[in-house]
Amino acid sequence: MKASALTTHILDTASGRPAQGVRVELFRLQGEARVKVTEALTNADGRTDSPLMNAADFVAGTYELRFHIGAHFGGEGFLDQVPIVVTLREGEGHYHVPLLCTPWSYATYRGS
């Protein structure tokens, strides 16, 4: 069985650089409830210094990653927060959720 973990990074595609200092929150969704698991800031490479959920703490389920990108763009754009809801399964290996963003748009995918 492959160990599972969750990581992320943010790329500011408007400037062509990593998005540094962006707050990322991780919530576990349980019915109507949102339970905060952790939060972190992105480093100079646009990544969090440690996984949002490492293999030892991994719990399968539905999660929301909330990226607070508005401050990164100085309030100049349209987007303030980007919520991405994902379902994580045990034994599926490493989950990596990159966010590609501008002040007006974003895209994501399951990275490697």
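From a predicted model like this one, the values you see are computed outputs, not experimental measurements. Throughout, a residue's number is its position along its own chain's written sequence, starting from 1. Only residues with pLDDT of at least 70 are given local features in this predicted model, and only at 80 or more are side-chain atom pairs given and counted; all residues enter the totals for whole chains, interfaces and linings. Side-chain metrics rest on all non-hydrogen atoms present in the structure, leaving aside hydrogens and water.

Enquirer: Just give me the short version of the sheet that holds strand β8 (residues 106–108), but keep the residues and values in it.
Expert: Only strands joined by at least two bridges in the DSSP assignment are considered to pair. Numbering of helices and strands starts at the N terminus; helices are DSSP runs of H or I of at least 4 residues and strands are runs of E of at least 2. A sheet is described by the order of its strands in space; here four strands give the open sequence β2-β1-β7-β8, paired in mixed fashion. Edge positions in the sheet fall to β2 (17–18) and β8, since each has one partner strand and no second. Where strand β1 (residues 2–12) lies against β2, two bridges are found, and the strand directions are antiparallel. Bridge pairing in β2 links Asp-12 to Arg-17.

Enquirer: Could you give me a rundown of the packing of aromatic side chains, with the residues and numbers involved?
Expert: Stacked, tilted and edge-to-face are the three classes assigned to paired rings of Phe, Tyr and Trp, where Trp is represented by its six-membered ring and a pair needs centres within 6.5 Å; plane angles under 30 degrees give stacked, over 60 edge-to-face, the rest tilted. Summed over all chains, the structure comprises one aromatic pair. Centroid distance Phe-58 to Tyr-95: 6.4 Å. Interplanar angle 0 degrees. Geometry classified as stacked. With Phe-58 in the loop between β4 (33–41) and β5 (61–68) and Tyr-95 in strand β7 (residues 92–101), this residue pair connects regions lying 37 residues apart in the sequence. Only lysine NZ and arginine CZ atoms are considered, and such an atom sits over a ring when it is within 6 Å of the ring centre and within 35 degrees of the ring normal. Taking NZ or CZ as reference, Arg-34 lies 4.0 Å from the ring centre of Phe-27, over its face.

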